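# Geometric and topological summary
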Amino acid sequence: MGFDPQVIRSLPFLIDGWLLTLELTLLGAAGSLVFGHLALALQLGRHAPLRWGARLYISFMRGTPSLVQLFVLFFALPLVGLGGKPMLAAALALGLNSGAYTAEILRGNLRVVTAGQVEAAVALGMPRWRIWSRIALPQVLSASLPALINEFTILLKTTPLASVVAVTELTYAGQMVIARTYTSTQVMLLVSIGYLAVALPVIHLARRTGRSIATRRLSAGVAS
Amino acid sequence: MIETPKPVAMRAENVVKSFGSNRILDGVSLTVMRGEVVCVLGPSGSGKSTLLRCLNWLSPPDAGSVWIGDERIGMRGGGRQGPLPESEIRRQRSRIGMVFQSFNLWPHMTVLENVMEGLMSVKRMPRLAASDAAFEALRQVGLEARRGAYPASLSGGQQQRVGIARTLAMDPEVILFDEPTSALDPELVGEVLAVMRGLAARSTTMIVVTHEIGFAREVSDRAVFMDGGRIVEEGPPTQLFDNPSSDRLRQFLFRFNPTPSRS
Amino acid sequence: MKFDLSVLTGYWTSLASGFGSTVWLCMASGTTAIVLGIALAIGQRRGGRLLALLIRAYTAVTLGLPLLVLLYVMFFVLPDFGVLLPARFVGVATLAIYYAPYVAEAVNAAVTAVPAGTIEAGVAIGMSPLAITRKIVVPQALPLLLPTMTGLLIGLIKDSALLSVISVHEFMFAAKEVVSATYAPLEVYFVVALVYWAVTSLVTFSTRLWEQRLGRAHLSALPR
């Protein structure tokens, strides 16, 4: 299989792009967990305006294209003095977008924590934040694991968006090489492999985690 | 100042509780002395469980007062009005233990961790001390050997005993039992009642809502019969069960124990 | 720091025509995706081992590749092999190819969920396979499909924004043109976001109504 020597010479550049993609994905994942928990906490809180704010955030992030969200953020950042930072805009946009989905995933798994479990904790005199951190959160996270891993894959597949604000992640790097060398097929093949090499194992991991959680639950019998 | 234990462990005065338009508790008063075992019986809907949940403010009453020792629960006593802050109520709750019908163990923690959690979260005990205290509590219910197991691998009776251990570890002044054996298969009831008998023998103050008339008759110092949100009859178990004075209690006992009562 | 929507006066028509294109593109790719997805579902159930394997490989690739990369591949790589197609066509085809496996998965899940007994009853009467499919399987599978299909449709609408990157003249592309004319990116993209939000909210709302109506009909048919 003959690869154009120009492409081979561009390999380090492409790998740098691949690493930046991974960095973006991880930053987005971190942001997703933070924003997701925040949105969930606000939704469960006592202040109605904050509850509504959280719901609006989730509806907006899920109802508008991430491309538009990225542009809005990219052009809004300079207004708060954070202009000229495409990487920040991209990571923030990814985190905010994914955070809405994370919040819904966690919310969907809240029922794992039965009312009885919470009552037992209240009867002991446990403060609310400890009930959340020691009783509810560990169980909710555990039940959400397959869906969260899936969300991670979706994050990875959303990172190419950063190329439209000239962040040199894998897709943009690929485009730059193509512009220089006119070897679309070979470069796109490498770029595709770059994504598949991460996405496919992670998807496989999600399936296996989902199965093992399901089997653990079944052997535990009725939800206690 | 050394605190001498007060003779009255817990007290409810004219407790009223409604859910929507249903008045579940219609002015219930009950005094439980230190070291007493009081059993509360009655048909479903009589308000027994609701009364228990009012006692530890899990379900605050609409009117009336609840006292632990000489401290009023949930509301400011003395000259001041209004509810107590959440942190105060939590502290009061930690003096009261509760054992639930559906055990309510935390499935993601081991038996030992379940028993330790209250000590660390509420009493701020360091991990090692909590672990020792939890082990001791498990020993009292005979389950120290299963401390590394998860609740899912335990039988119902064992889970309930862990629930009791979780309460014991907190060293409460009074333990409330909300139909502790109602969710158990018949052959598992005995092991839980045995633990409860052991606690009674050690002068633990207990308020037990139960259908187990045999247990109530043998172990309780006083039995209380509730119906329609009120206490209908109250007294030593022999008096209540062998010589019921109210028709409703007679009907109730007949349903559970269809033998003619001695006249 | 000014946010002034009046800068958009005079450009509303070009935005509207872009929006119209988006609607057309979504309908075209959506329909194609459904047809292709059903074909894939049938192929997985009825086809031989080779076909099943091919479909699995195709599904894996679309699951692991970002849509943007797929778009670039179709747009840049196909011409290398002499296939020259207008951008719109490439856009619609790529969206359909990307979403078809998800449709297939949803169809498979819904069909599997149809109670086997109802199909057996049809066989016992002597109904032809086509009649069974038409009169027994489809009516029962359809309500099960609705929630997933709504999600996919919303995803499709949002992903259609990416077509702007390969110069397809749709809503997002029109927006970019307005931005370069008005130098007001924040206002333009904000409006764009609101429009997408309105559309996706409308879709969610109407399918929920449809689900309720279908649900009621369903319940009356079940034995009590």
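Keep in mind that what you see is a predicted model, and the values were worked out from it rather than measured. In every chain, residue numbers begin from 1 and rise along the written sequence. By the order in which they are written, chains take letters starting at A while ligands take numbers starting at 1. Local features in a predicted model are, by the rule used here, given only for residues with pLDDT of at least 70; side-chain atom pairs are given and counted only at 80 or more, and totals for whole chains, interfaces and linings are based on all residues. In computing side-chain values, all of the structure's heavy atoms are included and hydrogens and water are not.

Right, let's talk about the overall build of chain B for a bit. Strands here are runs of E lasting at least two residues and helices are runs of H or I lasting at least four, both read from the DSSP assignment and numbered beginning at the N terminus. Helix and strand content of chain B: nine helices and ten strands. Throughout, radius of gyration means the C-alpha value; the globule benchmark is 2.2 Å times the number of residues raised to the power 0.38. For chain B, the C-alpha radius of gyration of 19 Å lies close to 18 Å, the compact-globule estimate for 263 residues. Expressed as a percentage of its 263 residues, the buried residues of chain B come to 52%. Taking contacts inside chain B between residues at least 6 apart in sequence as the whole, the part at least 24 apart equals 64%. Exposure classes here rest on a 1.4 Å probe applied to the protein chains alone. A residue is buried below 20% of its type maximum, exposed above 50%, and partly exposed in between. Any two residues having at least one pair of non-hydrogen atoms within 4.5 Å are treated as being in contact.

With that out of the way, let us pick up the interface of chain A and chain B. On the side of chain B, 24 residues touch chain A, which itself brings 19 residues to the contact. Counting the surface lost from both chain A and chain B, the interface buries some 1,900 Å², and carbon and sulfur atoms represent 61% of this. Where Arg134(A) meets Glu117(B), a salt bridge forms, and the shortest distance between an N and an O atom there is 2.6 Å. Side-chain atoms alone can form a polar contact between residues adjacent in sequence; in general such a contact is a pair of N or O atoms within 3.5 Å, and within protein one must be able to donate a hydrogen while the other accepts it. The interface formed by chain A and chain B holds seven residue pairs in polar contact (both at pLDDT 80 or more) in total. It is helix 5 (residues 115–124) of chain A that provides the largest number of residues to the side of chain A that touches chain B, a total of eight residues. Amino acid classes used here: Ala, Val, Leu, Ile, Met, Phe, Trp, Tyr, Cys and Pro are nonpolar; Asp, Glu, Lys and Arg are charged; the rest, including Gly, are polar. When its residues are assigned to classes, the side of chain A that touches chain B shows ten nonpolar, five polar and four charged. Accessible-area loss on putting two parts together, using a 1.4 Å probe and summing over both, is the definition of buried area adopted here. Put simply, a salt bridge is a Lys or Arg side-chain nitrogen that is within 4 Å of an Asp or Glu carboxyl oxygen.

The partner chain A presents 34 residues to the 35 residues of chain C that form the contact. A buried area of about 2,900 Å², summed over both sides, lies between chain C and chain A, and 77% of it is on carbon and sulfur atoms. Contact with chain A buries area across many residues of chain C, yet Lys158(C), Leu186(C) and Trp197(C) alone supply 21% of it, more than any other trio. Taken together, chain C and chain A are joined by zero salt bridges.

Attention now goes to the nonpolar core. Note that soluble globular proteins tend to have their nonpolar side chains buried in a common cluster. What makes a nonpolar core is a set of buried Ala, Val, Leu, Ile, Met, Phe, Trp, Tyr and Cys residues whose side-chain atoms join them at distances within 4.5 Å. In terms of nonpolar packing, the biggest core is built from 103 residues, with Met172(C), Val192(C) and Tyr196(C) touching the most fellow members. Per element, the largest residue contribution to this core is 13 residues, and it comes from helix 4 (residues 87–113) of chain C. Those residues in contact with Tyr196(C) that sit more than four places away from it in its chain are Gly63(A), Thr64(A), Pro65(A), Val68(A), Ile157(C), Ser160(C), Ala161(C), Glu170(C), Phe171(C) and Met172(C). With 90 residues, the next largest nonpolar core counts Ala121(A), Met126(A), Cys39(B) and Val219(B) among its residues.

Further remarks concern the packing of aromatic side chains. Stacked, edge-to-face and tilted labels apply to pairs of Phe, Tyr and Trp rings (six-membered ring for Trp) whose centres lie within 6.5 Å, assigned for plane angles under 30 degrees, over 60, and everything in between, in that order. Counting across every chain of the model gives 13 aromatic pairs over all chains. Cluster of aromatic residues (ring-pair linked, three or more members): Phe71(A), Phe74(A), Phe75(A) and Tyr189(C). Criterion for a charge above a ring: Arg CZ or Lys NZ at most 6 Å from the ring centre, at most 35 degrees from the ring normal. One Lys or Arg, Arg166(B), reaches over the ring of Trp106(B) and ends 4.5 Å from the middle of that ring.

A few words on the pattern of salt bridges. Residues and elements named next belong to chain B. For the structure shown, the criterion picks out 22 salt bridges over all chains. The salt bridge partner of Arg 91 is Glu 88, with a shortest N-O separation of 2.6 Å. Within this pair, Arg 91 and its partner Glu 88 are both found in helix 2 (residues 86–93), separated by three residues, close to a single helical turn. The class of Arg 91 is partly exposed, set by a relative accessible area of 35%. On the basis of relative accessibility, which here comes to 28%, the residue Glu 88 falls in the partly exposed class. Close ionic contact of Arg 217 with Asp 242 constitutes a salt bridge, the shortest N to O distance being 2.8 Å. Separated by 25 residues along the polypeptide, Arg 217 in helix 7 (residues 213–219) and Asp 242 in helix 8 (residues 237–242) bring together distant segments of the chain. It is possible to trace a salt-bridge network through shared partners that takes in Arg 34, Glu 71, Glu 88, Arg 91, Arg 95 and Glu 173.

All names here are of chain A. When you line up the elements, Thr 171 lands in helix 7 (residues 170–181). A residue is classified by how much of its surface remains accessible, and Thr 171, at 2% relative accessible area, is buried. Between the C-alpha atom of Thr 171 and that of Thr 114, which follows or precedes it by 57 residues, the distance is 45 Å.

The next thing to look at is the pairing of strand 2 (residues 22–33) of chain B. All names here are of chain B. Following DSSP output, two strands are said to pair if at least two bridges run between them. The pairing of strand 1 (residues 8–19) with strand 2 spans nine bridges and is antiparallel. Bridge assignment links Arg 11 to a residue of strand 2, and that residue is Thr 31. Hairpin connection, strand 1 to strand 2: the antiparallel pair is bridged by two residues, and Gly 20 has positive phi, about 65°.

So, on to the pairing of strand 4 (residues 63–68) of chain B. Successive side chains on a regular strand alternate, one facing one side of the sheet and the next facing the other. Residue and element names in this part refer to chain B. One ladder, built from five bridges, connects strand 1 with strand 4; its direction is antiparallel. When the sheet's bridge partners are listed, Glu 13 is paired in strand 4 with Ser 65. The sheet contact formed by strand 4 and strand 5 (residues 71–72) spans two bridges and is antiparallel. Each bridged residue has a counterpart across the sheet, and for Trp 67 the counterpart in strand 5 is Arg 72. Hairpin connection from strand 4 to strand 5: two residues lie between these consecutive antiparallel strands, with Gly 69 at a positive phi of about 60°.

With that settled, consider the sheet that holds strand 6 (residues 96–99) of chain B. All names here are of chain B. Across the sheet, six strands lie side by side as 6-7-8-3-9-10; this open sheet has mixed pairing. Bordering the open sheet on either side are strand 6 and strand 10 (230–235), each of which pairs with just one other strand. Taken pair by pair, the neighbouring strands of this sheet meet at an average axis angle of 20°, ignoring direction. Sheet analysis places strand 7 (residues 174–178) next to strand 8 (residues 206–209), joined by four bridges and oriented parallel. Counted as the bridge partner of Ile 175 is Met 206 from strand 8. Angular values range over 0 to 180 degrees, each being the angle between N-to-C directions of two axes fitted as lines to C-alpha atoms, with helices fitted over their stretch in contact. Packed on one face of the sheet, helix 5 (residues 156–168) meets strand 6 and strand 7 and runs near 175° to strand 6.

All names here are of chain B. One way to put it is that helix 5 packs onto helix 6 (residues 186–201) with a least axis distance of 8 Å and a crossing angle of 20°. Relative to helix 6, helix 5 is oriented roughly parallel. You can see that helix 5 and helix 6 cross each other, and the crossing is right-handed. In contact with Gly 156, Gly 157, Gln 158, Gln 160, Arg 161, Ile 164 and Leu 168 of helix 5, helix 6 contributes Leu 188, Glu 191, Val 192, Val 195, Met 196 and Leu 199. Any angle that is under 35 degrees is reported as roughly parallel, and any over 145 degrees as roughly antiparallel; angles of 65 to 115 degrees are reported as roughly perpendicular and all others as oblique. Take the far helix as the reference: if the near one is turned anticlockwise from it by less than a right angle, the crossing is left-handed, and if turned clockwise, right-handed.

Moving on, we come to the confidence of the model for chain A. Residues and elements named next belong to chain A. For every residue, the predictor reports its confidence as pLDDT, a number between 0 and 100. Predicted confidence across chain A gives a mean pLDDT of 89, with 93% of residues reaching 70 or more. Across chain A, the element-wise mean pLDDT spans from 81 in helix 8 (residues 184–219) up to 95 in helix 4 (residues 86–108). Overall, residues 217–224 carries pLDDT values under 50, and its contacts beyond four positions in sequence, including any with other chains, amount to six contacts.

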